[in-house]
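Survey of secondary and tertiary structure
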Amino acid sequence: MRRYRFGRIAALFAAIYVAAVVVSGVLALATGDSALLREIVTGGWDPDFVPYTWWVELLTVAGGVLQGWAYWQVLRGRPAGTAAVNDRPVRLLRAALYLSVACTLLYRLPIPYQWWSGLPSDVLNFAVVGLFFVVLAGALPRWLRLLGLVAGLASAAIGMTSTVAYGLGQYSVVQSISPYQLGNAVYLLWLVPVLAGQARDARWRPGTVRMGGAAAAVSLLSPGGNSIVGFGASGVDYELVLLMVLSILSVFGTVWQARSAHDLGGPIPVPSPAPPVRVAPARAWPLAAVAVVPPLIPAAVNLADGMPVWIGPRGVVDDLFHGYVGYPATVLWVAVDMLVGVGAPAVLVLIAIVRRTRRLLRVTMLILTLAAAAGVVTALTTMSEADWQLIPEMAERRLALYPDGVFDRTEKGDLLFGLSPLWYSAALAASALILLVLYGAPPAARLRHHVLVTVLATSVALCFLPAADESRGPVTTAEDCSPPEPWEMDGKPVEPPPPTGSRAFICAVRQQNALTFAATTPDQVLLAHGRRLCATYTRNDPRELTRLREVEGVSVGNLSGVLAGICPAAKAKVTAEAAAQDREFDEFMAEEQSKCDATPRHHPLIKPAKAIRLKEPEWPEAGLDLYDEFAGEGKSTTAGPVTAGPGRVTVGTHSDFHVCVTLETYTRRPPVETKGWDDVVEVGYANQSGEMSFMDGLSGTELPDLSLNGRKGHYRIRVHFAWFPWKGEEYGTQRLLIMAYPGPGDKVVTYRRPPKRR
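Residues numbered from 1 in each chain as written. Predicted model: local features only at pLDDT ≥ 70, side-chain atom pairs only at ≥ 80, totals over all residues. Heavy atoms only, no water.

**Structural notes on the overall build of the protein chain**
The number of helices and strands found in the protein chain is 27 helices and 12 strands. Sorting the 758 residues of the protein chain into buried and exposed places 39% on the buried side. Summarising the internal contacts of the protein chain: among those between residues at least 6 apart in sequence, 74% fall at separations of at least 24. Accessible surface for the protein chain amounts to roughly 42100 Å². Of this, 63% is attributable to carbon and sulfur atoms. (Helix = DSSP H or I, 4+ residues; strand = E, 2+ residues; numbered from the N terminus. Buried < 20%, exposed > 50% of the residue type's maximum accessible area, 1.4 Å probe, protein only. Contact = heavy atoms within 4.5 Å. Areas by Shrake-Rupley, 256 points an atom, 1.4 Å probe, with all protein chains shown as cover.)

**Digging into the environment of Val651**
Following the sequence through the fold, Val651 ends up in strand β5 (residues 648–651). Sequence separation between Val651 and Gly623 is 28 residues; the distance between their C-alpha atoms is 5.8 Å. In contact with Val651, other than residues within four places in its own chain, are Gly623, Leu624, Pro641, Phe694, Val719 and Leu736.

**Some thoughts on the side chain of Ser100**
Inspection of the secondary structure assignment puts Ser100 in helix α4 (residues 88–106). Judged by relative accessible area, which is 3%, Ser100 ranks as buried. If near-sequence neighbours (up to four positions away) are discounted, Ser100 is found in contact with Leu124, Asn125 and Gln257.

**Quick word on helix α17 (residues 358–381)**
The terminal C-alpha atoms of α17, which comprises 24 residues, lie 35 Å apart, in line with the 34 Å expected from a rise of 1.5 Å per residue. Those residues of α17 that sit buried are Arg358, Leu361, Thr364, Met365, Leu368, Ala371, Ala372, Ala374, Gly375 and Thr378. (Expected span 1.5 Å × (residues − 1).)

**A closer look at the environment of Ala11**
In this fold, Ala11 is placed in helix α1 (residues 7–31). For Ala11, a relative accessible area of 21% translates into the label partly exposed.

**So, the sheet that holds strand β10 (residues 713–724)**
Read from one edge of the open sheet, six strands run β1-β6-β11-β10-β7-β12, paired in mixed fashion. Across the chains shown, the open sheet's two edge strands, defined by having one partner strand only, are β1 (610–613) and β12 (749–752). Direction aside, the axes of adjacent strands within the sheet are offset by 20° on average. For strand β6 (residues 659–665) and strand β11 (residues 733–742), the ladder comprises seven bridges, and the chain directions are parallel. Note that in β11 the partner of Glu664 across the bridge is Met739. (Pairing = 2+ DSSP bridges. Axes fitted to C-alpha atoms, helices over the stretch in contact; angles between N-to-C directions.)

**Side note on the pairing of strand β4 (residues 642–645)**
Along a regular strand, successive side chains alternate from one face of the sheet to the other. Both strand β3 (residues 637–639) and β4 contribute to a ladder of three bridges, which runs antiparallel. What sits directly across from Thr638, in β4, is Thr643. Summarising the sheet, β4 and β5 pair through four bridges and their orientation is antiparallel. By the bridge assignment for β5, Ala644 is matched with Val649. The hairpin turn running from β4 into β5, its antiparallel successor, is two residues long, and Gly647 in that turn takes a positive phi close to 70°.

**Quick look at empty space enclosed by the protein**
By the definition in use, this model includes one cavity of 30 Å³ or more. Here the largest cavity defines a volume of roughly 60 Å³. Those elements that place two or more of their residues in the lining of the largest cavity are α5 (119–135), α6 (142–168) and α8 (185–200). (1 Å grid on protein atoms, 1.4 Å probe; cavity = no way out; pocket = protein on both sides within 12 Å on 5 of 7 lines; lining within 4 Å. Points joined across faces, edges and corners; volume = space filled by probe spheres on them.)

**Observations concerning the state of the cysteines**
Tallying each qualifying case throughout the model produces two disulfides. There is a disulfide in this structure between Cys534 and Cys567, and the S-S distance comes to 2.3 Å. A torsion of 80° about the S-S bond marks the disulfide between Cys534 and Cys567 as right-handed. Taken as a pair, Cys534 in helix α24 (residues 523–539) and Cys567 in the loop between α26 (560–563) and α27 (568–598) lie far apart in primary sequence, 33 residues in all. Here the two residues Cys534 and Cys567 agree in accessibility, since each one is buried. The disulfide that involves Cys596 links it to Cys660, with 1.9 Å between the sulfurs. One quick way to see it: the torsion about the S-S bond of Cys596 and Cys660 is about -90°, and its sign makes the bridge left-handed. Highlighted residues: Cys596 in helix α27 and Cys660 in strand β6, separated in sequence by 64 residues. Classification of Cys596 by relative accessible area gives buried; the value is 5%. (Disulfide = S-S within 2.5 Å.)

**Overview of the packing of α8 against helix α9 (residues 206–221)**
Here α8 crosses α9 at 165°, and the two axes come no closer than 10 Å. When the axis of α8 is compared with that of α9, the two are roughly antiparallel. Relative to α9, the crossing made by α8 is left-handed. Together, Tyr187, Leu188, Leu191, Leu195, Gln198 and Ala199 of α8 and Val209, Gly212, Gly213, Ala216, Ser219 and Leu220 of α9 make up the contact between the two elements. Its residues assigned to classes, the contact of α8 with α9 comprises eight nonpolar, four polar and no charged. (Parallel < 35°, antiparallel > 145°, perpendicular 65-115°, else oblique. Left-handed = near helix turned anticlockwise from the far one by under 90°. Nonpolar A, V, L, I, M, F, W, Y, C, P; charged D, E, K, R; others polar.)

Next up, the structure:
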């Protein structure tokens, strides 16, 4: 800090600012109110614009720390020592740069903003552009300085016109002079030549040029004059978050201006001798060729299918460039997409092998690694049908930069992309690894700061491991476990096979709420917890079971059915219980069948047209109904177990007992039989459909047709009901004889009823 004129004062101010940012960040995370943090760091990005989200606040705190460092860079002043003696243009450039920085910092003060307050900064831009043109006279060719001068003056004019137009409410003028396709391209056409001149001029330090490069990168990514429209009223609008982050990173531009002024005020640094260019030892050309070939393999396959694109409009990486950054950056991304798609990385690898400089090799390996990572991220985030394809204007805009006819469509309208980006990722990673093996620097030649950067990068990656270990993964819902409804399958009922294994356990937890987990808990978390419970279930240690019940409130012994899918011990118990239940049910049904077999057979007094004695007992739950859908309304009459009305006859049965049924149809009225029956009731029924079948909708019971060969018309229905005793049981089973014959009349006739109802 003693190396700078105001180093200690700047450090104190930066420390106070960073402390305020950290304290306000802690308060925001603790209370959920980020208003103070946003006001300190971002100014106008209040929580009403970007709602509170914990990770957004962490980004804001990190941005505040970066701004504290930037304030130290700006306020520390020129290097300590004797001030440089400069000519008039340099002194004016320093003053213009400092005033421009001051105008930028004024926006951070809590004072009302007026649109005309931006005009002084716009005027200073004209001065900075012109003075850089003069000061860099000996560092750049004249044509390049003229290009920068024209572009800089045009950028300053666009900025001033936009300020006035916004102030007067003429927004259409802004779109005309600064359309979104232009972005910050005009400004970059001035900034890049200036940075090139600074790199050649000994008055500016390399760190200052690097700050300018960072500012140029942020400017390239910024949307420029493009108007932003966020979609989605709930959740985090990532586009607005990115814009907020870019506004924070704009401090690099302020730092570059301040450092450019600082360097001009101090003594010209003594240039240190250029470090020797380190060249890696040459390798046999067959080995070197192996590093060149991998990027060409997926490119050749894709080109054979007429696909010159590496990624195309899919995945989150492409979505970042097409939806969140400036148009020039989008054009640059499409160019990179096409170059990688046709195998251009092989050319880069070849150049690195031919030159073999350590710096070029490191840059090449870094580029290959980043490209491989972009391919992996794309493959993991590609959706089968992107949302933008549903909006014609958005689809046209994203496909406009690619050659016509590159992407064919399937029958569903989805785009065909060719090879998966994972193939490119594997090839690019292979080339980077081969370069590392062939030309990696020996441990003795590795610079200390390279080791520091590697350790720091590894540590940052390790910080994300817990989050990766707790990645959400798939979440099966209770609806996913339910079979589809008939209307979801075009009216065709579907009976899917029962789930087994892990899915059986997950579905049991989701549908029965057997464990206290949220519905959004990932399946892998449920499985891990289930396997722990399975181990406890298998050991069957009473003390462990008691502790688990008292601490977690889980009775593992009652979870046999839930754990059966993933726990052999629970499955064995469930299987044994199911087998015991099946045996008990089979014995019960055999007993019921024996009861019906033991009931006396009916011997008709006259020959019926048809007689049916059901072989198996029936078990209706709500009685037996005979009804005609065309029947009218009218009064119903009940006699014993029978209720009759217009177009309807109901026979009441006890739902806890089976019924042994006999059906008989006659051509004429049969003689009345009452011996051996508890109830004998006859009613009338008008058959308009030609079919007479008693049924029970709850149990699905349906008796055979009672009609006389499908005859329509009026019938008489005679119902015989009795209880059949069995081995001393109070009730035994139910007997039912139903006779039907053609005959007129709706009168209800009771031929027999139990004595207790007489």
